[in-house]
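Here is what each chain is made of, one letter per residue.
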Amino acid sequence: MMNRLLIVDQDSDLREELRSQLRMDGFEADGCEGIEAAKVLISEGNYELIILDPTSEPNEHHFFIKEIKQTEKLKWVPVFILSQSASVEDKLFYFDLGVDDYLHKPFHYKEIKAKIQGILSRTSHFEEMAFKDPLTKIYNRRFFDHQISVLLQLTQRHQTPISLAFIDADKFKSINDTYGHHVGDLVLMGLASAIRTHVRSSDLVARFGGEEFVIAFPNANAQQAAVRVNEILNYVRNNPIAEHDGEQRYVTFSSGVAQWKPGMTVKSWIHLADEGVYQAKAEGRNRVII
Ligand code: GH3
Ligand code: MG
Ligand code: MG
Ligand code: MG
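What counts and how
- Residues numbered from 1 in each chain as written.
- Chains lettered and ligands numbered in written order.
- Predicted model: local features only at pLDDT ≥ 70, side-chain atom pairs only at ≥ 80, totals over all residues.
- Helix = DSSP H or I, 4+ residues; strand = E, 2+ residues; numbered from the N terminus.
- Buried ≥ 20, exposed ≤ 12 C-beta atoms within 10 Å, placed from the backbone.
- Contact = placed C-beta atoms within 7 Å.
- Pairing = 2+ DSSP bridges.
- Axes fitted to C-alpha atoms, helices over the stretch in contact; angles between N-to-C directions.
- Near = placed C-beta within 6 Å.
- Nonpolar A, V, L, I, M, F, W, Y, C, P; charged D, E, K, R; others polar.
- Parallel < 35°, antiparallel > 145°, perpendicular 65-115°, else oblique.
- UniProt positions renumbered as here; feature names shortened; annotations may be inferred.
- Right-handed = clockwise from strand over helix to strand, strands pointing away.

As named in an unreviewed UniProt entry, the chain is Diguanylate cyclase, taken from Paenibacillus aestuarii.

Some words on the overall build of the chain
Of the regular secondary structure elements, the chain holds 10 helices and 12 strands. For the chain, the spread of C-alpha atoms along the principal axes amounts to about 70 × 45 × 30 Å. Looking at the chain as a whole, 32% of its 290 residues are labelled buried. Taking all contacts inside the chain whose residues are at least 6 apart in sequence as the whole, residues at least 24 apart take part in 63%.

Re the sheet that holds strand 7 (residues 204-209)
Strand order across the open sheet formed by 5 strands is 7-8-6-11-12, with mixed pairing between neighbours. Across the chains shown, the open sheet's two edge strands, defined by having one partner strand only, are strand 7 and strand 12 (287-289). The sheet shows a mean angle of 20° between the axes of neighbouring strands, taken without regard to direction. Inspection of the sheet shows strand 7 paired to strand 8 (residues 212-218) by 5 bridges, in the antiparallel sense. In the sheet register, valine 205 faces strand 8, and the bridge partner there is isoleucine 215. Helix 6 (residues 141-158) rests against strand 6 (162-169), strand 7 and strand 8 of the sheet, and its axis sits at about 140° to strand 7. Contacts from helix 9 (residues 222-238) reach strand 6, strand 8, strand 11 (253-259) and strand 12 within the one sheet, and its direction differs from that of strand 11 by about 165°.

Regarding the site of ligand 1
Near ligand 1 there are 16 residues, and of these Asp170, Phe172, Lys173, Gly184 and Gly210 occur at the shortest range. Taken together, the elements giving at least two residues each to the shell around ligand 1 come down to strand 6, helix 7 (172-179) and helix 8 (181-198). Residue contributions to the shell around ligand 1 peak at 4 residues, all from helix 8. When the residues that make up the shell around ligand 1 are grouped by side-chain class, the tally is 4 nonpolar, 4 polar and 8 charged.

Details of the packing of helix 7 against helix 8
Taken N-terminus to C-terminus, the directions of helix 7 and helix 8 make an angle of 135°; their axes are 6 Å apart at the nearest point. The angle between helix 7 and helix 8 places the two elements in the oblique class. For the pair helix 7 and helix 8, contact is made by Phe172, Ile175, Asn176 and Tyr179 and by His181, Val183, Gly184 and Val187, respectively. Per-class residue counts for the contact of helix 7 with helix 8 are 5 nonpolar, 3 polar and no charged.

Some words on the UniProt feature "modified residue: 4-aspartylphosphate" (unreviewed entry) in the chain
On the UniProt side, "modified residue: 4-aspartylphosphate" (unreviewed entry) is annotated at positions that read Asp53 here. Secondary-structure assignment places aspartate 53 in the loop between strand 3 (49-52) and helix 3 (58-70). C-beta crowding within 10 Å serves as the criterion here: with 20 such atoms nearby, aspartate 53 is assigned to the buried category. In this view, aspartate 53 contacts Val8, Asp9, Gln10, Leu82 and Ser83; residues no more than four positions away in its chain are not counted.

Considering the environment of histidine 61
The residue histidine 61 is located in helix 3 in this model. If we ignore the near neighbours within four places in the chain, the residues touching histidine 61 are Ile35, Leu52 and Pro54.

Some points on the pairing of strand 3
Along strand 3, one buried face is formed by Leu49 and Ile51 and the opposite face, lined by Ile50 and Leu52, is buried too. As paired elements, strand 1 (residues 3-8) and strand 3 share 4 bridges and run parallel to each other. Note on strand 3: the bridge partner recorded for leucine 6 is isoleucine 50. The sheet contact formed by strand 3 and strand 4 (residues 79-83) spans 3 bridges and is parallel. In the strand pairing of strand 4, leucine 52 is matched with isoleucine 81. Viewed along the sheet, the connection from strand 3 through helix 3 into strand 4 turns out right-handed.

Right under this line is the structure:
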């Protein structure tokens, strides 16, 4: 996957030159002249790094950087200053604001490229540590809690539906008790990967805890989401998702699906989906309830 960068610089020649060099190195970059355009791009895009030259409007840029660092959705996005000033005071000032790196003009392309690669690899290492579940390699609850509010904001802005599926593996304790915890782990890994391969990249999948997973389906009403969850259930029901000692293991799950409705909190929304899980368990498991 290519990395998406945003270059905010008044100098359009430099911007275009840098964009085309970065593109040849596999970094996809957008460019714009000033803060107003940057705000529009940021609200619609998902940038992994923002490169800024603050020299033309220093005060506006200070505010802008503070705003980025205080916004829940953006505070983890690294900010790289590309300045016309080589003064140590300026550098320290920006590092104090929370920027991640600083380079002054004129610069060598190889140097900015090396710094960008360093930032992005530290970011991805950090994200892996903070937001991924080590067993299943999918997002953890912390990431889900963060990202679900971002998705809800988008939903409200675009007035599109969004649905949530809560998934709880059936009789998981007996898998552990019968075959051992290690096999239970393999089944969880297989279930997570089956879920992930059946959803779209715009859907949000996370391990909520233990043998429980959640999927948020943007742009789907409850019926549409339930169809998708049933596809996953059909798959895991009919295909072995783990193998050990030459034996194949299957699993089923119970799921509740709930569409977000105005006025709901994330908590009440999850609770509604979880009620579907209870009902599915009560009705015999291995099913999806809206
Ligand atoms: P139900 O169909 O009612 O959901 O039954 P269940 O056995 O799945 O439900 P219960 O909540 O009683 O048990 C969940 C089990 O999942 C218990 C716990 O040991 C197991 N589990 C949770 N996390 C892990 C894990 O990371 N690895 C393994 N192997 N087991 C886990
Ligand atoms: Mg459970
Ligand atoms: Mg349970
Ligand atoms: Mg269970």
